Every structure is written in C-alpha cells, then in structure tokens.
Amino acid sequence: MKNDSLIHWHSMFMGVALLAAARSKDARKRNGACIVGPDNKISGVGYNGLPRGCDDHDEHYWQDDDSDPLNSRHSYIVHAEQNAILNCTSLPLHGSTIYATQYPCPRCVQSIIQVGIKRVVYLDKKAHQERVNAASEKMLADAGVEIESLQALQPESAEWSAELAQFIETSTTNR
Ligand SMILES: Nc1ccn([C@H]2C[C@H](O)[C@@H](COP(=O)(O)O)O2)c(=O)n1
Ligand SMILES: [Zn+2]
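All chains use their own residue numbering, which begins from 1 and follows the written sequence. Each chain takes a letter, starting from A, and each ligand takes a number, starting from 1, following the order in which they are written. Local features are withheld for residues below a pLDDT of 70 in this predicted model, meaning they are given only at 70 or higher, and side-chain atom pairs are given and counted only at 80 or more; totals for whole chains, interfaces and linings count all residues. Side-chain numbers come from the whole structure's heavy atoms, not from hydrogens or water.

Looking at an unreviewed UniProt entry, one finds the chain named dCMP deaminase family protein, with Rhodoferax mekongensis as its source organism. UniProt positions are given in the numbering used here, feature names are shortened, and annotations may be inferred rather than shown by experiment. UniProt, in the comment section headed Cofactor (unreviewed entry), describes the chain in these words: "Zn(2+)". Entered under Sequence similarities (unreviewed entry) in the UniProt record, the comment concerning the chain runs "Belongs to the cytidine and deoxycytidylate deaminase family."

Asks: An account of the coordination of the zinc ion (ligand 2) is requested, with residue identities and associated values reported.
Replies: Coordinating donors are taken as N, O and S atoms within 2.8 Å of the metal, stretched to 3.2 Å for Na, K and Ca; because water is absent from the atoms, sites can appear incomplete. Distances from the zinc ion (ligand 2) to its protein donors, namely H79 (ND1), C105 (SG) and C108 (SG), fall within the range 2.0 to 2.3 Å. To sort residues, take the accessible area from a 1.4 Å probe on protein chains only and compare it with the maximum for the residue type: under 20% means buried, over 50% means exposed, and anything in between is partly exposed. By relative accessible area, C105 is classed as buried at 17%.

Asks: Provide a residue-level description of the UniProt feature "transmembrane region" (unreviewed entry) in the chain, including the pertinent values.
Replies: The UniProt record annotates "transmembrane region" (unreviewed entry) at residues 6-22. Within residues 6-22, the helical portion is 76% and the strand portion 0%, while the C-alpha atoms at the span's ends are 23 Å from each other. Counting from the N terminus, the helices are DSSP H or I runs at least four residues long and the strands are E runs at least two residues long.

Asks: I'd love a proper account of the pattern of salt bridges, names of residues and values included.
Replies: In what follows, salt bridge is the name for a side-chain nitrogen of Lys or Arg lying within 4 Å of a carboxyl oxygen of Asp or Glu. For the coordinates displayed, the defined rule picks out 8 salt bridges. Here D64 and R73 are joined by a salt bridge, their closest N and O atoms 3.0 Å apart. Residue class for D64 comes out partly exposed when judged on its relative accessible area of 48%. R73 sits in the buried class, given a relative accessible area of 7%. One network of salt bridges, with partners in common, ties together D26, R28, D64 and R73.

Asks: Quick rundown of helix α1 (residues 9-21)? Include the residues and the values.
Replies: Taking 1.5 Å per residue as the helical rise, α1 with its 13 residues ought to reach 18 Å, and the 18 Å between its terminal C-alpha atoms agrees with that figure. For α1, every residue scored as buried is listed here: H10, S11, F13, M14, G15, A17, L18, A20 and A21. Along its buried surface, α1 packs onto β1 (32-36), β2 (42-47), β3 (97-102), β4 (119-124), α5 (150-153) and α6 (155-170). What a helix is expected to span follows from its residue count: subtract one and scale by 1.5 Å. Here, two residues are considered to be in contact whenever any of their heavy atoms come within 4.5 Å of each other.

Asks: A description of the UniProt feature "domain: CMP/dCMP-type deaminase" (unreviewed entry) in the chain should follow, citing residues and the corresponding values.
Replies: Within this numbering scheme, the UniProt entry marks residues 8-139 as carrying the feature "domain: CMP/dCMP-type deaminase" (unreviewed entry). The span residues 8-139 carries 30% helix and 17% strand; its end-to-end C-alpha distance comes to 29 Å.

Asks: Could you give me a rundown of the pairing of β3, with the residues and numbers involved?
Replies: Burial analysis of β3 places 6 of its 6 residues in the buried class, which makes it a mostly covered element. Strand pairing is assigned whenever DSSP detects at least two bridges linking the two strands. Here β1 pairs with β3 via 4 bridges, running antiparallel. Bridge pairing links V36 to T97 in β3. Sheet topology places β3 next to β4; 5 bridges connect them, and they run parallel. The residue of β4 that forms the bridge with Y99 is V121. Taken together, β3, helix α3 (residues 106-114) and β4 constitute a β-α-β crossover, and its handedness is right-handed. When the strands point away from the viewer, a crossover counts as right-handed if the route from the first strand across the helix to the second turns clockwise.

Asks: Explain the packing of aromatic side chains residue by residue, including any values.
Replies: The criterion for an aromatic pair is that two Phe, Tyr or Trp rings (for Trp, the six-membered ring) have centres within 6.5 Å, with stacked assigned to planes under 30 degrees apart, edge-to-face to planes over 60 apart and tilted to the rest. In the structure shown here, the tally under the stated rule is 4 aromatic pairs. Between F13 and Y99, the ring centres sit 5.4 Å apart and the planes meet at 50°, which makes this aromatic pair tilted. In this pair, F13 sits in helix α1 while Y99 sits in strand β3, placing the two residues 86 residues apart along the sequence. Note on Y99: relative accessible area 3%, which makes it buried.

Structural data, given as structure tokens:
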C-alpha cells in the first residue's frame, strides 16, 4: 500500500539546512544552507563555522569587537551559504535553488549570483538588519535571482520547519 503522508520538497530541503545548522559551534546563531539542482538533487550543504584548521576552542575567533577586525568573529566565520557553495559535490550550480535558514548577507549573495544560483528560499529574516537585507535584495533583483520566504512559498513547510528547528534546538547535546 502507498504511503501518502510525506513531507513537501521544500520541507525536506529546509530540513536538511536545519540539520546542517545543528553542527554549527556559533553560540550566537546556528545557520544552515542546502543547494538543490533543478532535478531536486542536493548538490551541497553547509553551516556557519570557522575555516578548516582554525581551532573551534580558540576563543580569539569568537570575540565580538566589531571595531577591530582582528578581534571580531565576523572576520573568521564562514557563512552557511558560502560553505554550502564551497562544499558542492556536483557542478555546475546554474539554475539551482539555495535553501537558507537565514536571509543571505550581501557577501553570500555575491557568491550565490556568481555561481549561477537562480533562486533563494529562506526561513528567517532579521528585521533589525533592514539596510543589510536591502543591499542583498538589490543585488539579487539586478542579477535576476528570485528570493522568497518559505512562509510565503509554502506556509505548511514553514510551520513544519519551525517545529523541526525547535526540536533540534532542544535535543542537540552530543547526539
Ligand atoms: N545569512 C547568514 C547570516 C549569518 N550567518 C552566520 C554568521 C554568524 O556565525 C552567525 C550570526 O551572524 P551575525 O548576526 O553575527 O551577523 O550566523 C550565516 O551563516 N548566514
Ligand atoms: Zn553571508
């Protein structure tokens, strides 16, 4: 007998992004991203973290002094979207979609555009980063890359993803 109670593709891919995020060591925010080809095949997954070889236990990397690049976490962390692109196992990425747990920053948007990704689906958008988000939005629009919230695209998937995020958050201690 056939089982019709399955999740939507959007739920699956945002779910993969959320699972990847659970590997992040950033105590402030764990983000994940999943790149999918037009044939619904996953090409790459990533989460925010330090570059290979940089010790996660070195507190120097996690400092919050944005007035000094040497002492700012922002100089060191590779974003989830960037890692997903760098981790891709199948190329090219032209025409792909990236599922991201957070609205992509301008730096990631540059990479998204340059590798030919044509669509971004995101889960959360930080309202207080209005100007940064606007910069991302301008580049995406000019480059013809579609961006949409999972909530607008598929409300059931957004609800399911929020529940999954909550479940992951409460159940991720060295499992
Ligand atoms: N689209 C994004 C935005 C941020 N991140 C990472 C960078 C940090 O590790 C963390 C929190 O970011 P912040 O609010 O300090 O800029 O999330 C990412 O991976 N993707
Ligand atoms: Zn970014």
